[in-house]
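The residues making up each chain are set out below.
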There are 2 protein chains.
Amino acid sequence: MSDLLIRNCRVLQTSAHEPRAAVLNGQDVIVRGSRIEAVQPTGQADPSHFGQVIEAGGLLAMPGLINTHAHVPMVIFRGLAEDVSIEKWFNDYMWPLESNLQPDDVYWGMQLGLAEMIRGGVTSVADHYFYMDRAAEAVEAAGTRALLGWAIFGSGGQQAVEQSAAFVRQYQGAAGGRIRTWMAPHAPYTCDDDFLRASVRQAEALGVGIHIHVSETMGQTEASLGKRGLTPIQVLEQTGVLDVPTLLAHVVGAMPGDMAILARRTTGIAHAPKTYLKLAMGTAPVRAFIGHGIPVGLATDGAVSSNTLDIWESLRLLALTQKQEAGSPEAMTIPQVLFVATRLSARVFGLPDDLGAVEPGYLADIILVDLNGLHHQPLHSLTASLVYNTAAGDVRTVICDGKIIMRDRQLLTLDEGEIVAQVNAGMARLSQRVPNKRIQVYNP
Amino acid sequence: MSDLLIRNCRVLQTSAHEPRAAVLNGQDVIVRGSRIEAVQPTGQADPSHFGQVIEAGGLLAMPGLINTHAHVPMVIFRGLAEDVSIEKWFNDYMWPLESNLQPDDVYWGMQLGLAEMIRGGVTSVADHYFYMDRAAEAVEAAGTRALLGWAIFGSGGQQAVEQSAAFVRQYQGAAGGRIRTWMAPHAPYTCDDDFLRASVRQAEALGVGIHIHVSETMGQTEASLGKRGLTPIQVLEQTGVLDVPTLLAHVVGAMPGDMAILARRTTGIAHAPKTYLKLAMGTAPVRAFIGHGIPVGLATDGAVSSNTLDIWESLRLLALTQKQEAGSPEAMTIPQVLFVATRLSARVFGLPDDLGAVEPGYLADIILVDLNGLHHQPLHSLTASLVYNTAAGDVRTVICDGKIIMRDRQLLTLDEGEIVAQVNAGMARLSQRVPNKRIQVYNP
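Residues numbered from 1 in each chain as written. Chains lettered and ligands numbered in written order. Predicted model: local features only at pLDDT ≥ 70, side-chain atom pairs only at ≥ 80, totals over all residues.

A count of helices and strands for chain A gives 16 helices and 17 strands. Over its C-alpha atoms chain A spans a radius of gyration of 21 Å, differing by no more than 12% from the 22 Å that the globule rule assigns to 444 residues. For the C-alpha atoms alone, the extent of chain A along its principal axes is close to 65 × 50 × 45 Å. Counting across all 444 residues of chain A, residues that qualify as buried make up 61%. Long-range pairs, those at least 24 residues apart, make up 73% of the contacts in chain A with a sequence separation of at least 6. (Helix = DSSP H or I, 4+ residues; strand = E, 2+ residues; numbered from the N terminus. Rg over C-alpha atoms; globule rule 2.2 N^0.38 Å. Buried ≥ 20, exposed ≤ 12 C-beta atoms within 10 Å, placed from the backbone. Contact = placed C-beta atoms within 7 Å.)

Take a look at the structure:
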């Protein structure tokens, strides 16, 4: 039997339409196959009728977290580019380091990052990187869900577009449907208009969307305005990128006119506040996006800027930085933050009717969070504790697609010892920076 | 025998004079009584000569963290004042809630907060609250170190000053010297000049310092300038508060002229960035303070604003918010952050020659941090991981004053179950807000 009973948990209840958050106590969650069949008061379901039973004893069941923008395999470089400007970060560190990258590095780096994320309750990731066939293998093994894009630069020419498209074709629906694939041109500042248009043609032909970086800082927006009189968002509009579903990473440097453009399209914005603080990129206008009906999802970005792949940190920093930016502690309330973390992240990820809720009919991507730690006590407000107190280590059990992939903090799908050994074996080679050897130049 | 050998650890090495951070591998730390006797390569010391041995197996030994400003017992109210303005936070929530406070609440709240802090590697706290005789009892039981002040408001008159002074006298040097006591008038906006002067006279007579809130926001500074033409720091100068050693909480709203005043005095500033973000208070000019030679220490403030008592969060947010404020990722480097977390926090706490270093002669307040978690791998940079990746749950063992108070995440001094039961029993009573019943009014 593939049936699963999660017994006697609390359930986080949210609305699909507006920021509301409540908690139901004493509930059973019934999972059949990959979906949630029912959420009902404990006592009605007979545990002996289920293939697997988790005695949740007051743990909180909530939707698996969604990381809407990352470069997961970059964990292998974590800690190698600290306290440097964005220009140096790209030109003197990241892009030289990535010239060391081999397909096996992506495979083990992806496993490491997925394992870190599972331990923190992340069941889905939208990933944008290289050698994504190897990343897909790792997702298959981990048992998680992913939206994968093979990152390409304009310098790669038509061949790169074909490569990204071939990956889309080959891995669409892989891992029993847990993997979806999109086109992934890097950014308007590394891809010229013809390259973007070619990417759009492929996306349209394949019936998929585009995952791309855009307006990462106001500096990039100003550079684009200076060079060609268009914001990066306007470049995406003119090249047709916004005619397909898009996942836009960052958009920190949005101009007021960009809002109306984005509001008319099927687009979502990935928000990675730890990276923005660390690289002093500015604060994204999240409240304005949401006010215009543009969904915003939580993200970490890669671990060379964010150091961790911890969505709880993103969630907390979303609240804190938006209050700061608004100059008001009344801004970005707890229900709003949880709305972003659940429903809006599911929309940005492209599965609004399948993810982001513990409700009948939704995919059974569920995490059980332990709020008994001293740092939560006394629990006057469970939802406040979710936003301001919860650590990755509070996640006890993780279910994805109806299967238990971490139980009582034991990973069931991946071999932590093997992953760490494999990654450590590559450290010396990966940390070398060869003068003048880099995969790109940053000059937006 | 009270001797302790910590065997085969890494040791964080810092300088007392400038931001430098390095790591020594394969070290033994020898503790005799309450102090560190030696730090030497593993292999020279014979474990059979020691009363206690900790096999550290590559864990990192670093100084116990210092929380330079908190209201620890406020954990009992955590989660009760969310998403509200500072005015409402004080007038409609915090000060009405505190009218419910009884001495036993302080005792159990202090135990809960100390237990949370020990689990996160905090061995010292500068605490500013009520019924501090009961807080001192909790510190005695916990085995930690504290600088305690009985908080008083001007409305309490001379009797309040006497009470704060009596507490100083009675508990100075308590718990075998682990407790020090200072005077603790609340703030210039709740204490008039005569009250501040009376507090100074007591501090001078008792040979102690003053722990006080000041210039918490630029709004407070502007209000003070508007009412009397003086910044809150100038008020402290004129009333003689700065003539004794002072621990100043926050100073977010510092004016340029305040820097020179503070630089001439024996003063330290407690920095609690999570609270500043959450209450949209602005960003403290930390780099300017340090540039003027004014020491800055890490702090959490109370858990009703910061939700947790997690100094790792403060450390991380210090780095992130100062980079943001500077508009440069090159600002507030990893060595600078660790300098604040160790040496400067010890100066702010008033024990610069005793705390903040794992070196011979220093007090044996040592924590062992486990950097083997997946969120640290691969460990290209241990110091980067300390600042950006380390969670409270990574602290494995805590030693204070030469005694092990947590071992392999088991608290040895406090009874977690009893604490949680006691605190939970008071939740309904403590969360009531009686109309018009409050201990003070906020109107700076």
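Attention now moves to the interface of chain A and chain B. The interface is formed by 51 residues belonging to chain A together with 51 residues belonging to chain B. Contributing elements (two or more residues each) for the side of chain A that touches chain B: helix 2 (103-119), helix 9 (273-278), helix 12 (311-326), helix 14 (382-388) and helix 15 (416-425) of chain A. Broken down by element, the residue count for the side of chain A that touches chain B peaks at five residues, all from helix 12 of chain A. Of the residues belonging to the side of chain A that touches chain B, the class tally is 22 nonpolar, 18 polar and 11 charged. (Nonpolar A, V, L, I, M, F, W, Y, C, P; charged D, E, K, R; others polar.)

Right, let's get into helix 6 (residues 218-228) of chain B. All names here are of chain B. Buried within helix 6 we find Gln220, Thr221 and Ser224. For helix 6, the arc enclosing every buried residue in end-on projection is 100°, short of the 170-degree limit, so these residues lie on one face. Its buried side turned inward, helix 6 meets helix 7 (232-238). The positive-phi residue at the C-terminal boundary of helix 6 is Gly229, with phi of around 70°. (Arc of directions from axis to C-beta.)

A:Val29, A:Ala61, B:Val29 and B:Ala61 are the most contacted members of the largest nonpolar core, which totals 321 residues. The contacts of A:Val29, once residues within four sequence positions are left out, are A:Ile6, A:Cys9, A:Val11, A:Ile36, A:Val39, A:Ala61, A:Val358 and A:Ile366. (Core = buried A, V, L, I, M, F, W, Y, C linked by C-beta atoms within 7 Å.)

Right, let's talk about the pairing of strand 10 (residues 210-214) of chain A for a bit. Residues and elements named next belong to chain A. When you tally the buried positions in strand 10, you get five out of five residues, the bulk of the element. On strand 10, burial covers both faces: Ile210, Ile212 and Val214 on one face and His211 and His213 on the other are all buried. Here strand 10 runs beside strand 11 (residues 246-250); their pairing, made up of five bridges, is parallel. In the sheet register, Ile212 faces strand 11, and the bridge partner there is Leu248. (Pairing = 2+ DSSP bridges.)

Turning our attention to the relation of the copies chain A and chain B. Taken together, a rotation about one axis and a shift along it account for how the two chain copies relate. Its rotation angle being 180°, the transformation that places chain A on chain B also includes 0.0 Å of axial translation and leaves an RMSD of 0.0 Å. Such a combination of rotation and displacement between the chain copies is what one expects of a two-fold axis. Residue A:Gly393, judged by its C-alpha, is the member of chain A lying nearest the rotation axis, at 3.6 Å. The overlap is high: 100% of the interface residues of chain A also sit at the interface in chain B, so the same surface is used on both sides. (Least-squares fit on C-alpha atoms with pLDDT ≥ 70 in both.)

A:Gln377 connects to A:Pro378 through a cis peptide bond whose omega is -10°. For A:Pro378, the location among the structural elements is in the loop between strand 14 (366-369) and helix 14. One non-glycine residue, B:Asn8, lies in positive phi territory at about 60°. One non-glycine residue, B:Tyr131, lies in positive phi territory at about 50°. By the element assignment, B:Tyr131 lies in the loop between strand 7 (122-129) and helix 3 (132-142).

Residues and elements named next belong to chain A. It is at 9 Å that the axes of helix 2 and helix 15 come closest, and there the two elements cross at 135°. If you check the angle between helix 2 and helix 15, you find them oblique. By crossing handedness, the relation of helix 2 to helix 15 is classed as left-handed. Mapping the contact onto sequence places Trp108, Gly109, Gln111, Leu112 and Ala115 in helix 2 and Glu416, Ile419, Gln422 and Val423 in helix 15. Among the residues making up the contact of helix 2 with helix 15, the classes are represented as five nonpolar, three polar and one charged. (Axes fitted to C-alpha atoms, helices over the stretch in contact; angles between N-to-C directions. Parallel < 35°, antiparallel > 145°, perpendicular 65-115°, else oblique. Left-handed = near helix turned anticlockwise from the far one by under 90°.)

Right, let's get into the environment of B:Gly302. Residue and element names in this part refer to chain B. With respect to the element layout, Gly302 can be found in the loop between strand 13 (296-298) and helix 11 (303-306). With 227 residues separating them along the chain, Gly302 and Val75 place their C-alpha atoms 7.1 Å apart. Excluding residues within four positions of it along the chain, Gly302 makes contact with Ala70, His71 and Met74.

With that settled, consider the confidence of the model for chain A. Taken over all residues, the pLDDT of chain A has a mean of 97, while the share at 70 or more is 100%. If you check the scores for this complex, the pTM reads 0.97 and the ipTM reads 0.97. (pLDDT = per-residue confidence, 0-100.)

Right, let's talk about the packing of helix 2 (residues 103-119) of chain B against helix 3 of chain B for a bit. Residue and element names in this part refer to chain B. Relative to each other, helix 2 and helix 3 sit at 35°, their axes nearing to 8 Å. Crossing handedness for the pair helix 2 and helix 3: right-handed. Contacts between helix 2 and helix 3 pair Pro103, Val106, Tyr107, Met110, Gln111, Leu114 and Ile118 from the former with Arg134, Ala135, Glu137, Ala138, Val139, Ala141 and Ala142 from the latter. Looking at the contact of helix 2 with helix 3 residue by residue, the class counts come to 11 nonpolar, one polar and two charged.

On to the domain arrangement of chain A. Residue and element names in this part refer to chain A. The domains assigned to chain A are domain 1 (4-63 + 356-411) and domain 2 (65-349). Taking only C-alpha atoms, the centre of domain 1 and the centre of domain 2 are 28 Å apart. Between domain 1 and domain 2, the residue contacts involve 27 residues of the former and 29 residues of the latter. Elements that contribute at least two residues to the side of domain 1 that touches domain 2 include exactly strand 14, helix 14, strand 15 (395-400) and strand 16 (403-407). In terms of residue count, helix 14 provides more of the side of domain 1 that touches domain 2 than any other element does, five residues in total. (Domains from an automatic or database assignment.)

Residues and elements named next belong to chain B. Summarising the element assignment, Gly356 is placed in the loop between helix 13 (334-348) and strand 14 (366-369). On the basis of neighbour count, Gly356 is assigned to the buried category, with 30 C-beta atoms found within 10 Å. Each C-alpha atom of the pair Gly356 and Ser345 lies 7.3 Å from the other, and the pair is 11 residues apart in sequence. Leave out the neighbours within four places in its chain, and Gly356 touches Pro63, Thr342, Arg343, Ser345 and Ala346.

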